[in-house]
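Residue-level listing of the chains:
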Amino acid sequence: MKLSVIGSGYVGTTIAACFAELGHDAVNVDIDEAVVNSINDGRAPIHEPGLEALLEKHGGKSLTATTDYDDLLETDITFLALPTPSKEDGSIDTSIIEAAAETLGDTLREKAGDHVAVTKSTVIPTTTTETLAPILADTSGKQLGEDLHVAMNPEFLREGTAVEDFQNPDKVVFGSDSETAINTLQEIFEPLTKASNATVVETGVEEAEMIKYANNAFLASKVSLINDIGNICKEFGVDAYEVADAIGLDNRIGERFLRSGLGWGGSCFGKDTNAIIHAAKETGYEPAMLDAAVAVNDRQPERLLSLLDDHIDVESERVAVLGLAFKPGTDDVRDSRAIPVINGLQERGVNVAAYDPVAAENMRTHFPDIEYTDAPQDALAGASACVVCTDWDEFAVLDEEFDAMETRVVVDGRRIIERRDGLTYEGLTW
Ligand code: UGA
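(A) View of the sheet that holds strand 13 (residues 409-412). Strands sit in the order 11-10-9-12-13-14 across an open sheet of 6 strands; the sheet is parallel. Of all the strands in the sheet, just strand 11 (371-372) and strand 14 (424-427) have a single pairing partner and so form its edges. Both strand 13 and strand 14 contribute to a ladder of 4 bridges, which runs parallel. By the bridge assignment, valine 411 is partnered in strand 14 with glutamate 426. In the packing of helix 11 (residues 288-311) onto the sheet, the strands contacted are strand 12 (385-388), strand 13 and strand 14, and the crossing angle to strand 13 comes to about 160°.

Next comes the structure, spelled out in structure tokens:
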């Protein structure tokens, strides 16, 4: 099948490359020429494990990137994989995807026959049918349900494992009331659904839009719930990880996403949870659970800092911050819990010495004036305390590096350092 993807961000590039790997001809449209050239040269424009190999194999061959929308005229279906960033009030800004829909529609004026347009971006329910579909119909001159078909196909790709997540999904969701759209999506995903155990969910457009929000809001809330329980555990001197391991054995709870600590960050959980909370409130409904999930998450960094305050007055002291990325395996610092932790340290008059194996450069835009070190031991040397914000494996093997600290106080937000003699160790929830 010939398909097109508008947008070459981490979702757009990943799905275009994975579709090519499934045996399709994929056209990836983006405004950024450098990104387009990189894909055509078989080089990944972003770091995502497995992507480089797929682009090397298909880039410039069955996967072509272009800045020219006319190149999608040869395709049967277009996925809109554009960003929907947060506005100040938490709602999403749909101007980028609306502009893309307009250009897609204008382009489709030249095309005879059916075309399917699929929302891949995360959008509030009714955006596809009430905002994007009318734009597409107006600009293309096509008739919805006749030669123009819309659908919503949400993504569940995690940063750092996006290719693997695409290739081994738990579920694939097709939201549409058009038989043509559903059939086209089934055909595209058939090699994947045949080879994997993925359940195919066929549903309405709005349900598909909501499934994406519900998925992320549920996972974010699960982490906040285990953090709430973990905070209670800490008060009673109970090990929250032993508790989590035991409750995770109950199939109704499940063992994943039960790691308590500093909380969630990244480009999706906060953005999506806030967006669905905002949308709910606009209808007059107060989503108390989701509000609480955000509140618990906002509180964890301050809890970590107050544990530090219990041990040492850090004013004018050097404090090592180990881990800046929002999770291990990425250099992404968007909404990283390290940001409020460093803010809190700076409010306390601390000299921050920060280390992360890959994310220091990105953190420089938030904190240009703190010290960044090339190795964890350099951050620890002479420090009066250390706080751990990301569970990088390399922190688990630190040992005599702590000997170079002025005072050996470690407050671990991610349960990655082992308790040991000679170390004053505080786990955030254990
Ligand atoms: C998340 C979802 O997991 C994906 O399914 C979704 O497609 C994606 O958002 C998106 O909407 O694009 P991602 O943001 O890459 O993926 O990160 P996760 O691996 O889910 O981790 C999110 C945060 O939760 C991290 O800060 C992590 O440290 C934290 N977390 C996760 C915990 O604190 N405890 C846990 O037990 C699990």
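(B) Just the pairing of strand 5 (residues 115-119), in detail. Summarising burial for strand 5: 5 of the 5 residues are buried, a large majority. Here strand 5 shows two buried faces, one formed by His115, Ala117 and Thr119 and the other by Val116 and Val118. Following the chain from strand 4 (residues 77-80) across helix 4 (residues 95-108) to the adjacent parallel strand 5, one finds a crossover that is right-handed. Here strand 5 pairs with strand 6 (residues 148-152) via 5 bridges, running parallel. Bridged to valine 118 within strand 6 is alanine 151. As a crossover connection, the stretch from strand 5 through helix 5 (residues 127-140) into strand 6 is right-handed.

(C) Quick peek at a negative patch on the surface. A grouping of Asp68, Asp70, Asp71, Glu74 and Glu110 is seen on the molecular surface, where their side chains present a negatively charged patch. On the basis of relative accessibility, which here comes to 34%, the residue aspartate 71 falls in the partly exposed class.

Thresholds applied
- Residues numbered from 1 in each chain as written.
- Predicted model: local features only at pLDDT ≥ 70, side-chain atom pairs only at ≥ 80, totals over all residues.
- Heavy atoms only, no water.
- Pairing = 2+ DSSP bridges.
- Helix = DSSP H or I, 4+ residues; strand = E, 2+ residues; numbered from the N terminus.
- Contact = heavy atoms within 4.5 Å.
- Axes fitted to C-alpha atoms, helices over the stretch in contact; angles between N-to-C directions.
- Buried < 20%, exposed > 50% of the residue type's maximum accessible area, 1.4 Å probe, protein only.
- Right-handed = clockwise from strand over helix to strand, strands pointing away.
- Patch = residues over 30% accessible without salt bridge, like charges linked within 9 Å, V, L, I, M, F, W, Y side chains within 5 Å.
- Areas by Shrake-Rupley, 256 points an atom, 1.4 Å probe, with all protein chains shown as cover.
- Salt bridge = Lys/Arg side-chain N within 4 Å of Asp/Glu carboxyl O.
- Lys, Arg positive; Asp, Glu negative; His and termini not counted.
- Charge placed at Lys NZ, Arg CZ, Asp CG, Glu CD.

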